[in-house]
Amino acid sequence: MIIDTHAHLDFPEYKSDLESVLSRAKDADVGCIINVGTSLASSEKSITLASRFKNVYASIGIHPHDASKVSDQNWQTLERLVKDQKVVAIGETGLDYYRNRSPHEDQQRIFHKHLALAKAHNLPVIIHSRDASEDCLRILNEHKNGALKGVVHCFSGTKEIARKCIELGLYISFAGPITFSNANNIREVAKSVPVERILLETDSPFLSPQPKRGERNEPSYLSFIIPVLADIYGLSVNDIKRITTFNAYKLFGIGVPEQEGKVAYAIRNSLYINITNRCSNVCSFCMRETYPIVKGHHLGLKREPTTEEVIEAIGDPTGYDEIVFCGYGEPTERLDVLLAVARFLKSKGKRIRLDTNGHGDLINGRHIAHEFKGLVDTVCISLNAETAEKYEEICKPVFGKKAYPALIQFIKDAKQAIPNVQVSIVESPNVDIERCKKIAEELGVDFRVRKYNVLG
Ligand code: SF4
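Residues numbered from 1 in each chain as written. Predicted model: local features only at pLDDT ≥ 70, side-chain atom pairs only at ≥ 80, totals over all residues. Heavy atoms only, no water.

1. Focus: helix α8 (residues 222-233)
Note that an α-helix has 3.6 residues per turn; residues three or four places apart therefore point the same way.
So, point 1. The first and last C-alpha atoms of α8 sit 17 Å apart over twelve residues, in line with the 16 Å expected at 1.5 Å per residue.
So, point 2. When we look at burial in α8, the residues that qualify are L222, I225, I226, V228, L229, A230, I232 and Y233.
So, point 3. One or two steps after α8, the chain reaches G234, where phi turns positive at roughly 65 degrees. (Helix = DSSP H or I, 4+ residues; strand = E, 2+ residues; numbered from the N terminus. Expected span 1.5 Å × (residues − 1). Buried < 20%, exposed > 50% of the residue type's maximum accessible area, 1.4 Å probe, protein only.)

Written out as structure tokens, the structure is:
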């Protein structure tokens, strides 16, 4: 299921064929649509649409173009509308200094009112910002106090502005223009935005994506935007669908929550296996206790699965390029399950990778690397620091001073048993990348730097 977080289906363009538009949206897997009000009348129509169609939700607000026309009475009506149970957001609101249809002071005053209304009702805000980034960010900053949440829709700003919006906790959505052949700039900006912060939108009836450019837009055309985003992020179409649907659920509370505690989960064309949330490290960058989500998959296990349950969760592994033991926890904490499942997968001819913190010997009280011979094709070991002291500081291992020498020994042993051995570090100003690289070279293994907060 995918979610169009921004459409204007109350516009006259859909007067004659709204039912067909919604039917095509359903066929294209669009499970929810947020109809975004641009005026008082359009906000009322959004609510009417939402009451007619189960999968349509309403956002209410007055576009900055009409800011100078908003009367006290209009505002009171909007405050009454906000109580409708299908209203999931406030907007679209913001600033438009491109068309300048209302004086800037009026636009800013009404933007403030929308933000206050959104916070008062704990709703996200849908922000329109055109040629007005500086004032827009200033006003948003004045409202940031933990309760501010929302999305900058149809983003057209720079990487720097995107970064500031992300820091404010906002989401960013890209509409049809991201598909245009001359839109390399927007695609470059999108690349800088964490995929965990993007949303899908069409802005129907405007901004149709390629190859429908120039025609009336509709929610089913999300299918032209998703492959472009997949290409930008190096992910699959299914990954983008799942991640953006999860993001929309988080922000607007619509759609279906992700199934909790996934044991087997796909990213790109690899299948990941999550057998435990236990770990002998407490890395400073680890989110497993607070937010166990990876690329839209919820990995917080309610209990650890048995070998049989893991195999059942894997199902038919035929189509995957690689099976990876990873998850939010250290797989060698459950060495017996890991080996049994690896044997099953090898019997099916699968390539297997193990992501580990390298503490397996300490955890199991014996040297374990040789036990992976013939089962694991690649092992990725988190080195994370150039010295034992720094490792202790960053990873806070339960094994204390023994941890770093043990992981170095594990790397050496793994070289004898596993065809491909790689060590990795997480990019951080505290870590000396060159020294870590040198350690890898001396050990004769591959080296990789992972981006902070990018998982999967
Ligand atoms: S080793 Fe991995 S799972 Fe364990 S604390 Fe560090 S990041 Fe988290």
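2. What about the sheet that holds strand β16 (residues 420-426)?
Two modes of strand pairing occur in sheets, parallel and antiparallel, and in both the strands are linked by backbone hydrogen bonds.
So, point 1. Taken together, seven strands build an open sheet; the order of strands is β9-β10-β13-β14-β15-β16-β17 and the sheet is mixed. Each edge of the sheet is formed by a strand with only one pairing partner; in this case those strands are β9 (264-267) and β17 (446-450). Taken over all neighbouring pairs, the strand axes of this sheet differ in orientation by 25 degrees on average, direction set aside.
So, point 2. One ladder, built from three bridges, connects strand β13 (residues 322-325) with strand β14 (residues 352-356); its direction is parallel. Across the sheet, V324 pairs through a bridge with R353, a residue of β14. (Pairing = 2+ DSSP bridges. Axes fitted to C-alpha atoms, helices over the stretch in contact; angles between N-to-C directions.)

3. Concerning the domain arrangement of the chain
So, point 1. What the domain assignment lists for the chain is domain 1 (2-252) and domain 2 (264-450).
So, point 2. Its C-alpha centre places domain 1 at a distance of 39 Å from the equivalent point of domain 2.
So, point 3. The interface is formed by ten residues belonging to domain 1 together with eight residues belonging to domain 2.
So, point 4. Buried area between domain 1 and domain 2, both sides added, is near 750 Å², and the carbon and sulfur share of it is 56%.
So, point 5. Of all residues in domain 1, L235, R242 and F246 give up the largest surface area on contact with domain 2, accounting jointly for 52% of the area buried on that side.
So, point 6. Run the count over domain 1 and domain 2 and you get one salt bridge.
So, point 7. In this structure, E196 and K295 form a salt bridge, with 3.7 Å as the shortest nitrogen-oxygen distance. (Domains from an automatic or database assignment. Contact = heavy atoms within 4.5 Å. Buried area = accessible area lost by both parts, 1.4 Å probe. Salt bridge = Lys/Arg side-chain N within 4 Å of Asp/Glu carboxyl O.)

4. Quick word on the site of the ligand
So, point 1. The environment of the ligand is made up of C279, N281, C283, F285, C286, R288, G329 and N357.
So, point 2. Residues of the shell around the ligand, tallied by class, amount to four nonpolar, three polar and one charged. (Near = heavy atom within 4 Å. Nonpolar A, V, L, I, M, F, W, Y, C, P; charged D, E, K, R; others polar.)

5. Regarding unusual backbone geometry
So, point 1. Omega for the bond connecting G91 with E92 falls within 30 degrees of zero, at 20 degrees, which places this linkage in the cis form.
So, point 2. The residue E92 is located in strand β4 (residues 87-96) in this model.
So, point 3. Residues S204 and P205 are joined by a peptide bond in cis, for which omega reads 10 degrees.
So, point 4. Tracing the sequence through the fold places P205 in the loop between β8 (198-200) and α8.
So, point 5. Notably, N100 is not glycine yet its phi reads approximately 50 degrees, a positive angle.
So, point 6. Here N100 lies in the loop between β4 and α4 (104-120).
So, point 7. For N100, a relative accessible area of 39% puts it in the partly exposed group.
So, point 8. One non-glycine residue, K396, lies in the positive phi region at around 40 degrees.

6. Comments concerning the packing of aromatic side chains
Any two aromatic rings considered together are summarised by their centre-to-centre distance and by the angle between their planes.
So, point 1. Tallying each qualifying case throughout the model produces five aromatic pairs.
So, point 2. Ring centres of F11 and F206 lie 5.8 Å apart, and the angle between their planes is 80 degrees; on these two criteria the pair is classed as edge-to-face. Of this pair, F11 sits in the loop between β1 (2-7) and α1 (18-27) while F206 sits in the loop between β8 and α8, and the two are 195 residues apart along the sequence.
So, point 3. Looking at F11, the relative accessible area reads 17%, which means it is buried.
So, point 4. For F206, a relative accessible area of 38% translates into the label partly exposed.
So, point 5. Above the face of the Y98 ring, R130 is positioned so that its terminal group lies 3.7 Å from the ring centre.
So, point 6. Over the ring of Y171 we find R197, and its NZ or CZ is 5.9 Å from the ring centre. (Phe/Tyr/Trp six-rings, centres within 6.5 Å; stacked < 30°, edge-to-face > 60°. Lys NZ or Arg CZ within 6 Å of the ring centre and 35° of its normal.)

7. Regarding the pairing of strand β7 (residues 171-174)
So, point 1. Side-chain alternation along β7 places Y171 and S173 on one buried face and I172 and F174 on a second face that is also buried.
So, point 2. Relative to β7, strand β6 (residues 150-152) is paired through two bridges, and the arrangement is parallel. By the bridge assignment for β7, V151 is matched with Y171.
So, point 3. Of the crossover connections in this fold, the one passing from β6 over helix α6 (residues 159-167) to the parallel β7 is right-handed.
So, point 4. Judged from the three bridges that link them, β7 and β8 form a sheet pairing that is parallel. Of the residues in β8, the one forming a bridge with S173 is L199.
So, point 5. This β-α-β element, β7 to helix α7 (residues 184-192) to β8, shows right-handed connectivity. (Right-handed = clockwise from strand over helix to strand, strands pointing away.)

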